[in-house]
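These are the residues of each chain, in order.
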Amino acid sequence: MAPSFSWWSNKDTHRGTPVVVKMENPNWSMVELEGPSEEDFLIAESPGRVRGKNAKQFTWVLLLKAHRAAGCLTSLGSAMLGLASAIRRRVASGRTDTDTDVEPIGRGRAVENPAVRSRFYFCIKMFLWLSLILLGFEVAAYFKGWHFGSPHLQLEYLWASPMGVKGVFDWVYSKWVLIRVEYLAPPLQFLTSACIVLFMIQSLDRLILCLGCFWIRFKKIKPVPKEGAFDPESGETGYFPMVLVQIPMCNEKEVYQQSIAAVCNLDWPKSKLLIQILDDSDDPTTQFLIKEDVHKWQQEGANILYRHRVIRDGYKAGNLKSAMNCSYVKEYEFVAIFDADFQPTPDFLKRTVPHFKDNDDLGLVQARWSFVNKDENLLTRLQNINLSFHFEVEQQVNSVFINFFGFNGTAGVWRIKALEEAGGWLERTTVEDMDIAVRAHLHGWKFIFLNDVECQCELPESYEAYRKQQHRWHSGPMQLFRLCLPDIIKSKISIGKKFNLIFLFFLLRKLILPFYSFTLFCIILPMTMFIPEAELPAWVVCYIPATMSFLNILPAPKAFPFIVPYLLFENTMSVTKFNAMISGLFQLGSAYEWVVTKKSGRSSEGDLASLVEKEPKHQRGVSVPDLVEMKEEIRQQEQRASRKKKHNRIYTKELALAFLLLTASARSLLSAQGIHFYFLLFQGISFLLVGLDLIGEQVE
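Residues numbered from 1 in each chain as written. Predicted model: local features only at pLDDT ≥ 70, side-chain atom pairs only at ≥ 80, totals over all residues. Heavy atoms only, no water.

1. Regarding the environment of arginine 439
With respect to the helices, strands and loops of the structure, arginine 439 is situated in helix H10 (residues 432-442). The class for arginine 439 is buried, based on a relative accessible area of 9%. Along the sequence, arginine 439 and glycine 423 sit 16 residues apart, while their C-alpha atoms lie 7.7 Å from each other. Other than its neighbours up to four places away in sequence, arginine 439 contacts Ala422, Gly423, Gly424, Trp425, Leu426 and Arg428. Within the structure, the side chain of arginine 439 is placed 2.5 Å from the backbone oxygen of alanine 422, a separation counted as a polar contact. Only 2.8 Å separates the side chain of arginine 439 from the side chain of aspartate 435, close enough to count as a polar contact. (Helix = DSSP H or I, 4+ residues; strand = E, 2+ residues; numbered from the N terminus. Buried < 20%, exposed > 50% of the residue type's maximum accessible area, 1.4 Å probe, protein only. Contact = heavy atoms within 4.5 Å. Polar contact = N/O pair within 3.5 Å; in protein donor to acceptor, adjacent residues only side chain to side chain.)

Structure representation (structure tokens):
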């Protein structure tokens, strides 16, 4: 018989009523259940009076309870059937995240080698297979009597003679326990402790940012522009310098109309405003549609130009750089930039440009984004939580206290002199907006963020589009960090600003955050289930992440019901962010992927309603044959698009991690670790739903 090991603490038994359930299995202890008392069958009819329920009433109560339980089981069954059907459709489609064609940024860059691309996935698969083997081994050991109720093990007997352990399996398992204790647990515990330290530093940073935001609200700190002189052309008192407006776009026919309409309706003296439509589209139909729309607004009297590049070097950065090289740009003092799906309000320039008056060291005024489709589906709701914290907390606090933050690439007004001194737009990374912001900051320019000035846009509604966007947003900063680190060290800015740029802006928020999120919750936590000698405390798994999620959700209070999905989804996205961070840091091929985020055009539905009355007026000067031809082409394209069979993708990394976490949750049951089990279970389900593309826009 195998030796009896007391590796777990005995639980105190309850002193209950005479109802007793006793298990014959020696591995189970006797359990006493508290039976119902007579008071449980009494209800208060009036003060001082009680009456007993008769048998008929009690039977009806039981029937009601049974009916509700049956209803819950029925709905649960239908939900499971629906989920199984959706999974079957996803698997049958056979499309994975590797079946994608991406175009590298710039010319002369090679697409990433498939072997390099699959290396990260291979590592995750190895972890998965190892965990499945260990799970089978641990289950067999459990039925052999090797029970683990606590990671604090007493192993003196394992160093005794091997003859003390009976049976080959028991001998092998005892050796495996010794290997865990002596060789595997110490380095894993060290890595766990290091990630916990990083986790606490990042949590402290989030807490300080939230306190700064509360202080701004409490003190009602707000940038106030200076009043300007009377302008005879507009008939108003204000500050009206020469402003250039740029809208870079590429094959975005779903959203070009509302952005062009919005900038053409900006309330600004026409003689002091020029609009550039910078079209990089390679689709002839899209080019034609945008040209026609620009022509309509020219006939209306707007000062608007259409520019198209034949050679699309550098993508957005190259597009903006080409436009800034035009000779007439020298006449303008400021440039406002809007992406194709952004719709500034008519008073946007009047609320942003005046901040530059008598503020010669101000280089950028950034407005906040608002989202017209934030309630479209669960994915857009979760994005809204994340971006609300980014704008209201991160950017506002950094603006008020250090006058620096990363430019968002759109909905901002730049002083052209600041762009020129910083070296202009460069195509060296996929985050040209952050690049120009860092270089301008190193030259001493200050930034202002206006939390009360909003510019409407739309969020990605499909996980595929959101995933590609996040890959670009997290690989680009690491590319930039490698390139600009020497310039930061050699710059003449203060030591405090250098510390903020290197440690807080790049390392902590761009590198450490995705590193510990993925490593701690997707690798270390499952490993501690199979190596219980290394501990991951419950407060790291549950309480601190819940507190940080609560702080993150404060800027979007209506999203409080989604706090648990938000926590799980952020951890799920850590695999994409970690992969992107590694790609950018080590200059892998995927770091240069540039995919224009897919737009749905939903933002045009409400914001163009006010322009419907002007439609007949816009048609003047446009020939009827051109309109008929354009509408016919649009109709044909819509018909072709409707005939295309679209597929949602299967994401292999997310699925592999889902099974890894679910396997670890099954192992945690053997150790009776409650918090760890629930976290692993729900996190595994979250990875499973995302891996099967069951979040966001659903495509038949």
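2. Description of the packing of aromatic side chains
All chains considered together, the criterion is met by 29 aromatic pairs. Each ring, one from phenylalanine 169 and one from tyrosine 173, has its centre 6.2 Å from the other, and the planes form 10 degrees; the classification is stacked. Taken as a pair, phenylalanine 169 and tyrosine 173 lie in helix H3 (residues 168-219) at a separation of four residues, close to a single helical turn. The interplanar angle of 10 degrees and the centroid separation of 6.2 Å between the aromatic rings of phenylalanine 391 and phenylalanine 449 together place this pair among those described as stacked. Linking phenylalanine 391 in helix H8 (residues 378-402) with phenylalanine 449 in strand S13 (residues 446-457), this pair joins segments that are 58 residues apart in sequence. Using a relative accessible area of 1% as the deciding quantity, one classes phenylalanine 391 as buried. Put simply, the rings of Phe342, Trp369, Phe391, Phe404, Phe405, Phe407, Trp414, Phe447, Phe449, Phe481, Phe505 and Phe506 pair up and form one aromatic cluster. One Lys or Arg, lysine 510, reaches over the ring of phenylalanine 505 and ends 5.3 Å from the middle of that ring. (Phe/Tyr/Trp six-rings, centres within 6.5 Å; stacked < 30°, edge-to-face > 60°. Lys NZ or Arg CZ within 6 Å of the ring centre and 35° of its normal.)

3. Points about unusual backbone geometry
Most peptide bonds adopt trans geometry, and most residues besides glycine take a negative phi value. Not every positive phi belongs to a glycine, and tyrosine 315 is a case in point at roughly 55 degrees. Structurally, tyrosine 315 is set in helix H6 (residues 315-324). At asparagine 403, a position not held by glycine, the phi torsion is positive, near 55 degrees. Position of asparagine 403 among the secondary structure elements: in the loop between H8 and strand S12 (412-415). Overall, asparagine 403 belongs to the partly exposed group, its relative accessible area being 27%.

4. Here's the deal with the pattern of salt bridges
Summed over the entire model, instances satisfying the criterion amount to 22 salt bridges. In this structure, arginine 381 engages aspartate 375 in a salt bridge whose closest nitrogen and oxygen atoms are separated by 3.4 Å. On the accessibility criterion, arginine 381 (28% relative accessible area) is partly exposed. With a closest N to O distance of 2.9 Å, aspartate 435 and arginine 428 form a salt bridge. Judged by its relative accessible area of 0%, aspartate 435 is buried. Residue classification places arginine 428 among the partly exposed residues on the basis of a relative accessible area of 25%. What emerges from the salt-bridge pattern is a single network uniting Glu138, Arg180, Glu533 and Arg667. (Salt bridge = Lys/Arg side-chain N within 4 Å of Asp/Glu carboxyl O.)

5. Considerations on the environment of threonine 652
Note that threonine 652 resides in helix H19 (residues 652-671). Considered as a pair, threonine 652 and lysine 125 are 527 residues apart in the sequence and their alpha carbons are 9.5 Å apart.

6. Digging into the state of the cysteines
A complete count under the given rule lists zero disulfides for this structure. Cysteine cysteine 455 is unpaired, with the sulfur of cysteine 457 as its nearest cysteine sulfur at 7.0 Å. On the basis of relative accessible area, cysteine 455 is assigned to the buried category, the value being 0%. (Disulfide = S-S within 2.5 Å.)

7. Focus on the nonpolar core
Formed by 86 residues in total, the largest nonpolar core has its most connected members in Leu349, Trp414, Val438 and Phe506. In this structure, valine 438 is in contact with Phe404, Leu480, Cys484, Leu501, Phe505 and Phe506, ignoring residues within four places of it in sequence. Counting 48 residues, the second-largest nonpolar core is a separate cluster that includes Ala141, Cys195, Ala656 and Leu661. (Core = buried A, V, L, I, M, F, W, Y, C linked by side-chain atoms within 4.5 Å.)

8. Description of the packing of H8 against helix H14 (residues 563-572)
Following both chains from N to C, one finds H8 and H14 inclined at 85 degrees, their axes separated by 10 Å at the closest point. With respect to H14, the element H8 is oriented roughly perpendicular. Between H8 and H14, the residues in contact are Leu379, Leu382, Ile385 and Asn386 and Pro565, Tyr566, Phe569 and Glu570, respectively. (Axes fitted to C-alpha atoms, helices over the stretch in contact; angles between N-to-C directions. Parallel < 35°, antiparallel > 145°, perpendicular 65-115°, else oblique.)

9. A closer look at the environment of glutamate 535
Relative to the helices and strands, glutamate 535 resides in the loop between helix H12 (495-530) and helix H13 (538-553). Judged by its relative accessible area of 33%, glutamate 535 falls in the partly exposed class. Sequence separation between glutamate 535 and leucine 188 is 347 residues; the distance between their C-alpha atoms is 9.0 Å.

10. Thoughts on H19
The first and last C-alpha atoms of H19 sit 29 Å apart over 20 residues, in line with the 28 Å expected at 1.5 Å per residue. Along H19, 16 of the 20 residues are buried, which leaves the element largely enclosed by surrounding structure. (Expected span 1.5 Å × (residues − 1).)

11. Here we look at the sheet that holds strand S8 (residues 273-279)
With respect to topology, seven strands assemble into an open sheet ordered S9-S8-S7-S10-S12-S11-S13, the strand pairing being mixed. Sheet topology places strand S9 (304-308) and S13 at the edges, where each strand pairs with a single neighbour. Recorded for the sheet is a direction-independent mean angle of 20 degrees between the axes of neighbouring strands. One ladder, built from four bridges, connects strand S7 (residues 243-249) with strand S10 (residues 334-337); its direction is parallel. Across the sheet, the residue bridging to valine 245 is alanine 336, located in S10. In the packing of helix H5 (residues 284-300) onto the sheet, contacts are made with S7, S8 and S9, and the angle to S9 comes to roughly 160 degrees. (Pairing = 2+ DSSP bridges.)

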